[in-house]
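Each chain is listed here by its residues.
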Amino acid sequence: MEPFRFHVFVCTQQKPEGVTSCPAQGSFGVLDKLDRELQSRSLINDVQLTTCGCLGLCDEGPVMVVYPEGVWYRRVQPSDVAEIVDTHLRGGAPVARLVWNDAAAMKAMSVEHGEKFRASMAARDKAGTLPDRLDQMIRSFQPSRCILTALELDLFTAVGDGASAEEIGSEIHANARAVAMLLNALISIALLTKEGNRYRNTAESARFFVQGAKDNQRNGLLHTANIWHRWSTLTEAVRRGTCVPIERDQTEWTGNFIAGMQRNAKARAPLVVKSLGTAGIRRILDLGGGSGAYSIAFAQAEPNLHCEILDLPEVVPLTSEYVEKAGVSHQIALRPGDMLRDNFGSGYDLIMLNAICHMFSEEQNCELFRRARKALAPRGRLAVQDFILNDEKTGPQHAALFSLNMLVGTQAGASYSEAEYTAWMKAAGFSKVSRINLPGPSDLIVGRVE
Ligand SMILES: C[S@@+](CC[C@H](N)C(=O)[O-])C[C@H]1O[C@@H](n2cnc3c(N)ncnc32)[C@H](O)[C@@H]1O
Ligand code: FES
């Protein structure tokens, strides 16, 4: 049984640098072109495109196989894709010049590859070599650091439509030799290209990292660069059991932080509005609302709804800019203050704690929940959105790693489990507590007042 007319497998098995593989011979380019050609010919729902691991024919890569017939293509290049789509996936006739149908030779190559692979794995194991997976994980800070340094230096903007290392170095006030090294490293991780002595942005870097580009995310990503500095104190933070103070420019840090929050919240806010609904909600208190993305999404979904955002005095002017830009200032009031100390008021139908509880200790969260419970109207809800750990606190990975993000960034914050949130809400007097799973890394825990 084939639910699709064709099922195409493209080998994308990554191998260590220098080892022959389909990706090293361009299989990701083939995959990308296939996806675009299938879309443009309206075949995307008839042809299932699947990436796969090594097929044992690496020397003849990129390799792809088309089922149900089981047609094997070798040495496929992006320039061949339009012909394969037209002739084979639309017309039903395989492209003969690229088909490999010498079954005996294919099997021999695959068997030889398998034997060599198993022998090399056994030799590495015997020699006590660090597995590639571990080695890669340990070094993975290097590409990350290259990108963050490039963002800090605003290098992608300086590359613009094309520039030499000297021109870029002079634009960003940095050493030309070192800049050339960084530019070349960025080429190696596919974020720049080079023609002659001129460096160019890729479509991705031009879209997301260049000032003035519509989808530029540099400001929000600079928050990740700030976090990187904090993570470099992790060893000491683990010894101390709390964050290690680091020097920072507070104004710049806050601006990047809120831009970073907006980057995440903009996409998630409509999901939260959809999950919680607006029925029965007239007044919302958004504690630590940051860029205001969640209140803005609720206000836009329901014109009769009013929100109050309580955030720190240095953040509220930034919140105000986002709220004004969204055109919902008449529905959203801003309150500079401290949620751990200030009176919340009363009569709210919904109180939101989006990405807040991880900043605080168990005791602080219990107290917040207790005060929120008192500030809610009958049948009101408290909605906590966060990265929720499993009961053993060993995963999901994002939540477990984020807990350390809070160790290096806060006095007593951490990621918490569903069981913990539920217990705290029950202790605060919420009669019904439930979890709503959202797409992506964070979920909602919702407590209701009867
Ligand atoms: C991780 S951000 C989350 C922002 C927003 N809720 C979102 O999900 O995009 C935490 C927010 O809480 C605010 N905040 C931290 N401590 C606070 C406090 N004691 N009182 C009020 N706001 C606080 C920060 O300024 C920041 O806007
Ligand atoms: S890496 Fe593609 S066939 Fe081996």
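Residues numbered from 1 in each chain as written. Chains lettered and ligands numbered in written order. Predicted model: local features only at pLDDT ≥ 70, side-chain atom pairs only at ≥ 80, totals over all residues.

S.K.: What's the story with the sheet that holds strand S2 (residues 47-52) in this structure? I'm lost.
M.R.: The pairing of strands in a sheet comes from backbone hydrogen bonds and takes either a parallel or an antiparallel form. If you walk across this open sheet you meet the 4 strands as S2-S1-S3-S4, and the pairing is mixed. On the outer flanks of this sheet lie S2 and strand S4 (71-73), each paired with one strand and no other. With strand direction ignored, the average angle separating the axes of adjacent strands in the sheet is 20°. Two elements, strand S1 (residues 6-11) and strand S3 (residues 64-67), share 4 bridges in a ladder whose sense is antiparallel. Across the sheet, Phe9 pairs through a bridge with Val65, a residue of S3. (Pairing = 2+ DSSP bridges. Helix = DSSP H or I, 4+ residues; strand = E, 2+ residues; numbered from the N terminus. Axes fitted to C-alpha atoms, helices over the stretch in contact; angles between N-to-C directions.)

S.K.: Which parts of the structure should I look at to understand the site of ligand 1?
M.R.: As a matter of local geometry, ligand 1 sits amid 18 residues, with Ala265, Gly288, Gly290, Asn354 and Ala355 nearest to it. Looking at the shell around ligand 1, the elements with two or more residues in it are helix H12 (250-276) and strand S8 (306-311). Its residues assigned to classes, the shell around ligand 1 shows 11 nonpolar, 5 polar and 2 charged. (Near = placed C-beta within 6 Å. Nonpolar A, V, L, I, M, F, W, Y, C, P; charged D, E, K, R; others polar.)

S.K.: I tried to follow the environment of Ala297 on my own but got confused; where do I start?
M.R.: Positionally, Ala297 belongs in helix H13 (residues 293-301). The exposure class assigned to Ala297 is buried, which follows from the 22 C-beta atoms found within 10 Å. Look past the residues within four positions of Ala297 in its chain and what remains in contact with it is Ala269, Pro270 and Val273. (Buried ≥ 20, exposed ≤ 12 C-beta atoms within 10 Å, placed from the backbone. Contact = placed C-beta atoms within 7 Å.)

S.K.: I would appreciate a short explanation of the sheet that holds strand S15 (residues 443-448) in the present structure.
M.R.: Strand order in this open sheet of 7 strands is S9-S8-S7-S10-S11-S15-S14, and the pairing throughout is mixed. Strand pairing shows two members of the sheet lacking a second neighbour, strand S9 (332-336) and strand S14 (432-436), which therefore form its edges. Here the strands of the sheet are splayed against their neighbours by 20° on average, with no regard to which way each runs. Where strand S11 (residues 376-386) meets S15, 6 bridges bridge the pair, whose relative direction is antiparallel. Along S15, the bridge assignment pairs Val384 with Ile445.

S.K.: For this particular structure, what's the right way to read H12?
M.R.: Counting along an α-helix, one turn takes 3.6 residues, and residues three or four places apart therefore face a common direction. The largest bend along H12 reaches roughly 40° and is located at Ala265. Regarding H12, the residues found buried are Asn256, Ile258, Ala259, Gly260, Met261, Gln262, Ala265, Arg268, Ala269, Val272 and Leu276. For H12, the secondary structure elements touched by its buried residues are helix H10 (218-231), H13, helix H14 (316-326), strand S10 (348-354), S11 and S15. Gly277 sits one or two residues past H12 and shows a positive phi near 75°. (Bend = angle between axes of the 7 residues up to and from the residue.)

S.K.: Just to check I follow, could you spell out H14 for this structure?
M.R.: Of the residues making up H14, those classed as buried are Leu318, Thr319, Tyr322 and Val323. When H14 is viewed along its axis, its buried side chains cluster within an angular range of 135° and face the same direction. Residues of H14 that are exposed and point more than 90 degrees away from the buried face comprise Pro317, Glu321, Glu324 and Lys325. Those residues of H14 that are buried are in contact with H12, H13, S8 and S9. (Arc of directions from axis to C-beta.)

S.K.: I keep staring at the packing of helix H5 (residues 141-152) against H10 and nothing clicks. Help me out?
M.R.: The axes of two packed helices give the description: the angle between them and the distance between them. Relative to each other, H5 and H10 sit at 125°, their axes nearing to 9 Å. As summarised for this structure, H5 and H10 are arranged oblique, according to the angle between their axes. Pair H5 / H10 crosses with left-handed handedness. Between H5 and H10, the residues in contact are Leu148, Leu151 and Glu152 and Arg218, Leu221, Leu222, Thr224, Ala225 and Trp228, respectively. Here the residues of the contact of H5 with H10 sort into 6 nonpolar, 1 polar and 2 charged. (Parallel < 35°, antiparallel > 145°, perpendicular 65-115°, else oblique. Left-handed = near helix turned anticlockwise from the far one by under 90°.)

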